[in-house]
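Letter by letter, the chains look like this.
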Amino acid sequence: REAARLFRRAANKGHASAQCVLANCYDFGRGMPEDVDEAARLYRRAAEQGNPAGQTNLGNCHVQGKGVRQDDREAARLFRLAAEQGYAEAQYNFANFCLSGKGVPQDDAEAARYFRLAAEQGFAAAQQNLATLFVEGRGVLQDIGKAARYFRLAAEQ
């Protein structure tokens, strides 16, 4: 409770990181009752300040329709903003949208590019998906050696 009070005070003063932490508490009912509307509001405040965690989490809210309307295009826009700041989870999410054509035009090469960015930061799910693209030759030249490398990196985590 004390931690939540301190995060609320910092969030009210406009600290984006505190807004994200507090939003996460509301989103998942950690230390307070779950309130997805308040979580989305706080994620939005952080996202509007350019905070990549806020952008990513608000994007996730739009994917699920939690506290906001379900909107894949808005989710993709937010994921891309955070991905361009080097945020691995957003790079992975945006790559999946590119791969499926969800919220953006389907583009295997763009998916591979963003999976690679996240994979190079050690994001295991991105390493696995990139490895699969190398096996299939989707968006990249087929390369079983590179596929094996990325599968191994993912497995070692």
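Residues numbered from 1 in each chain as written. Predicted model: local features only at pLDDT ≥ 70, side-chain atom pairs only at ≥ 80, totals over all residues. Heavy atoms only, no water.

K.L.:
An account of the environment of A148 is needed here, citing residue identities and associated values.
P.N.:
Secondary-structure assignment places A148 in helix α9 (residues 144-155). Note on A148: relative accessible area 32%, which makes it partly exposed. As a C-alpha pair, A148 and R8 span 140 residues in sequence and 46 Å in three-dimensional space. (Helix = DSSP H or I, 4+ residues; strand = E, 2+ residues; numbered from the N terminus. Buried < 20%, exposed > 50% of the residue type's maximum accessible area, 1.4 Å probe, protein only.)

K.L.:
Quick one: what's the story with the packing of aromatic side chains, residue by residue and with numbers?
P.N.:
Inspection of every chain in the model, using the stated rule, returns five aromatic pairs. A centroid spacing of 5.4 Å and a plane angle of 85° characterise the contact between F79 and F97, whose relative ring orientation is edge-to-face. Highlighted residues: F79 in helix α5 (residues 72-83) and F97 in helix α6 (residues 88-100), separated in sequence by 18 residues. Exposure remark for F79: the relative accessible area of 1% places this residue in the buried category. (Phe/Tyr/Trp six-rings, centres within 6.5 Å; stacked < 30°, edge-to-face > 60°.)

K.L.:
Go over helix α8 (residues 124-136), please, and point to the residues and values.
P.N.:
Side chains that are three or four residues apart share a direction in an α-helix, a result of its 3.6 residues per turn. In this model α8 runs 19 Å from its N-terminal to its C-terminal C-alpha over 13 residues, within 8% of the 18 Å that 1.5 Å per residue would give. At its buried positions, α8 is contacted by α6, α7 (108-119) and α9. Once α8 finishes, G137 follows within two positions and takes phi at roughly 70°, a positive value. (Expected span 1.5 Å × (residues − 1). Contact = heavy atoms within 4.5 Å.)

K.L.:
Would you mind going over the side chain of Q19 in detail, with residue names and values included?
P.N.:
With respect to the element layout, Q19 can be found in helix α2 (residues 16-28). Taking relative accessible area as the criterion, Q19 reaches 1% and is therefore assigned buried. Looking at Q19, its side chain comes within polar contact range of the main-chain nitrogen of A46, at 3.3 Å. With sequence-adjacent residues up to four places away left out, Q19 is seen in contact with A11, G14, L42, R45, A46 and Q49. (Polar contact = N/O pair within 3.5 Å; in protein donor to acceptor, adjacent residues only side chain to side chain.)

K.L.:
Requested: an account of the nonpolar core, with residues and values cited.
P.N.:
Burial of nonpolar side chains together is a common tendency in soluble globular proteins. Of all hydrophobic cores here, the largest spans 27 residues; its most connected members are F94, F115 and L130. Residue assignment for this core shows that the elements contributing at least two residues are α5, α6, α7, α8 and α9. The contact partners of F115, leaving out residues within four places of it in the chain, are Y92, A95, N96, L99, A126, N129, L130 and L133. Counting residues in each nonpolar core, the second largest holds 17 residues, with A11, Y26, Y43 and A47 among its members. (Core = buried A, V, L, I, M, F, W, Y, C linked by side-chain atoms within 4.5 Å.)

K.L.:
A description of a nonpolar patch on the surface should follow, citing residues and the corresponding values.
P.N.:
On the surface, V135, I144 and F151 cluster together into a nonpolar patch covering about 240 Å² of accessible area. Note on V135: relative accessible area 33%, which makes it partly exposed. (Patch = residues over 30% accessible without salt bridge, like charges linked within 9 Å, V, L, I, M, F, W, Y side chains within 5 Å. Areas by Shrake-Rupley, 256 points an atom, 1.4 Å probe, with all protein chains shown as cover. Salt bridge = Lys/Arg side-chain N within 4 Å of Asp/Glu carboxyl O.)

K.L.:
Run through the pattern of salt bridges, naming residues and quoting values.
P.N.:
Under the definition given, this model contains nine salt bridges. For R77, the salt bridge goes to E74, with nearest N and O atoms at 2.8 Å. With R77 and E74 both in helix α5, this residue pair falls three residues apart, about one helical turn. With a relative accessible area of 43%, R77 lands in the partly exposed category. Between D108 and R138 there is a salt bridge whose closest N-O contact spans 3.0 Å. Of this pair, D108 sits in helix α7 while R138 sits in the loop between α8 and α9; the two residues are 30 residues apart in sequence, bridging distant segments of the chain. The class for R138 is partly exposed, based on a relative accessible area of 30%. A network of salt bridges, in which partner residues are shared, links R80, E84, E110 and R113.

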